[in-house]
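Inside the fold
One letter stands for each residue in the lines below.
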Amino acid sequence: GQNIDQPTEMTATEGAIVQINCTYQTSGFNGLFWYQQHAGEAPTFLSYNVLDGLEEKGRFSSFLSRSKGYSYLLLKELQMKDSASYLCAVRGADDKIIFGKGTRLHILP
Amino acid sequence: DTGVSQDPRHKITKRGQNVTFRCDPISEHNRLYWYRQTLGQGPEFLTYFQNEAQLEKSRLLSDRFSAERPKGSFSTLEIQRTEQGDSAMYLCASSRSREGLETQYFGPGTRLLVL
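Residues numbered from 1 in each chain as written. Chains lettered and ligands numbered in written order. Predicted model: local features only at pLDDT ≥ 70, side-chain atom pairs only at ≥ 80, totals over all residues. Heavy atoms only, no water.

1. What about the overall build of chain B?
- Helix and strand counts for chain B come out as 0 helices and 11 strands.
- Mapped from its N terminus to its C terminus, chain B presents α and β elements in the order β-β-β-β-β-β-β-β-β-β-β.
- The C-alpha atoms of chain B give a radius of gyration of 14 Å, which matches the 13 Å a tight globule of 115 residues would have.
- Structurally, chain B occupies a C-alpha span of about 45 × 25 × 20 Å along its principal axes.
- Across the 115 residues of chain B, 46% fall into the buried class.
- Intrachain contacts of chain B at a sequence separation of at least 6 include 54% that bridge at least 24 residues.
- Carbon and sulfur atoms provide 44% of the accessible area of chain B, an area that totals close to 5,900 Å².
- Side chains of chain B carry 16 positive and 14 negative charges; the gap between the two charge centres is 5 Å. (Helix = DSSP H or I, 4+ residues; strand = E, 2+ residues; numbered from the N terminus. Rg over C-alpha atoms; globule rule 2.2 N^0.38 Å. Buried < 20%, exposed > 50% of the residue type's maximum accessible area, 1.4 Å probe, protein only. Contact = heavy atoms within 4.5 Å. Areas by Shrake-Rupley, 256 points an atom, 1.4 Å probe, with all protein chains shown as cover. Lys, Arg positive; Asp, Glu negative; His and termini not counted. Charge placed at Lys NZ, Arg CZ, Asp CG, Glu CD.)

Okay, structure coming up:
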């Protein structure tokens, strides 16, 4: 079966750092995505990892360990506009992309 | 605006009616995906196309659901005999398959309410 797990909700303070974890069990692996989704809007692409290691893009970084079936999204210097859901998604061997349920991130002033 | 458009943006219908949604992907994208999303959940895969070929269909997709992409460009998703449980946001995404990164770009979605 295919399973993607991430925490349901997290809370952090403006200016701080937060790490959102994702673990997955899928039939094959062809890459892991992170998306941001504001309430009532479509998901927008944040990052893509296919090899182990850390990918940094501005305030956002994403890490992948294929042997552990694990990824995290790191958000630095949090801003109020970062309040959103963060979706972890995995592309399997069949190229189908499966999403986790998302992590709702609340930023406090 | 990602360049993927969906029509209509909102649809209210009565139980038992048929509805059809349209998705226009980014023009050079050969892959097109349909997802369904309910409140508090991530997008749920329904089906996807590579050009005009429908490559996979989720087991969640009952016989009341059908999708087409006749010329490998726009796609339609039809739901027949709608049920209240079909109420959800229907998202379309497109991508260009190639070695390495394949980023999906999502449309704004069609929000369906079945009364």
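2. Side note on the interface of chain A and chain B
- In this assembly, 19 residues from chain A lie in contact with 22 residues from chain B.
- The largest share of the area that chain A buries against chain B comes from K96, I97 and F99 of chain A, three residues that together contribute 26% of it.
- Taken together, chain A and chain B are joined by 1 salt bridge.
- In this structure, K96 of chain A and E56 of chain B form a salt bridge, with 2.9 Å as the shortest nitrogen-oxygen distance.
- Our enumeration of links across chain A and chain B arrives at 5 residue pairs in polar contact (both at pLDDT 80 or more).
- Going through the elements one at a time, strand 4 (32-37), strand 5 (44-49), strand 9 (84-91) and strand 10 (97-99) of chain A are the ones with two or more residues in the side of chain A that touches chain B.
- Taken together, the residues of the side of chain A that touches chain B sort by class into 10 nonpolar, 3 polar and 6 charged. (Buried area = accessible area lost by both parts, 1.4 Å probe. Salt bridge = Lys/Arg side-chain N within 4 Å of Asp/Glu carboxyl O. Polar contact = N/O pair within 3.5 Å; in protein donor to acceptor, adjacent residues only side chain to side chain. Nonpolar A, V, L, I, M, F, W, Y, C, P; charged D, E, K, R; others polar.)

3. Let's talk about the packing of aromatic side chains
All names here are of chain B.
- Scanning all chains against the criterion turns up 17 aromatic pairs over all chains.
- When the centroid spacing of 5.4 Å and the interplanar angle of 45° are considered together, the rings of F21 and Y90 count as tilted. Placement of the pair is F21 in strand 3 (residues 19-24) and Y90 in strand 9 (residues 88-95), with a sequence separation of 69 residues. (Phe/Tyr/Trp six-rings, centres within 6.5 Å; stacked < 30°, edge-to-face > 60°.)

4. Comments concerning the pairing of strand 11 (residues 103-108) of chain A
All names here are of chain A.
- Across the two faces of strand 11 the burial differs, with T103, L105 and I107 buried and R104, H106 and L108 not buried at all.
- Here strand 2 (residues 9-13) runs beside strand 11; their pairing, made up of 5 bridges, is parallel. Looking across to strand 11, one finds that T13 is bridged to L108.
- Note that strand 9 and strand 11 share 3 bridges and pair antiparallel. By the bridge assignment for strand 11, S85 is matched with R104. (Pairing = 2+ DSSP bridges.)

5. Digging into the nonpolar core
- Ranked by internal contacts, the top residues of the largest apolar core, which has 20 residues, are L32, W34, L75, L78, Y86 and L105 of chain A.
- When neighbours within four sequence positions are excluded, L78 of chain A is seen to be in contact with A12, T13, E14, G15, A16, I17, V18, R59, L105 and I107 of chain A.
- Grouped together as the second largest cluster of nonpolar side chains are 19 residues, C23, L61, C92 and V114 of chain B included. (Core = buried A, V, L, I, M, F, W, Y, C linked by side-chain atoms within 4.5 Å.)

6. What about the pattern of salt bridges?
- A full pass over the atoms with the stated rule returns 9 salt bridges over all chains.
- Among the salt bridges present, the one from D82 of chain A reaches R59 of chain A, with a minimum N-O distance of 2.8 Å. Residue D82 of chain A is found in the loop between strand 8 (70-75) and strand 9, and its partner R59 of chain A is found in the loop between strand 6 (53-57) and strand 7 (60-65); the two are separated by 23 residues along the sequence. Residue D82 of chain A shares its accessibility class with R59 of chain A, and that shared class is buried.
- When salt bridges with common partners are traced through the structure, they connect R64, E83 and D86 of chain B into a single cluster.

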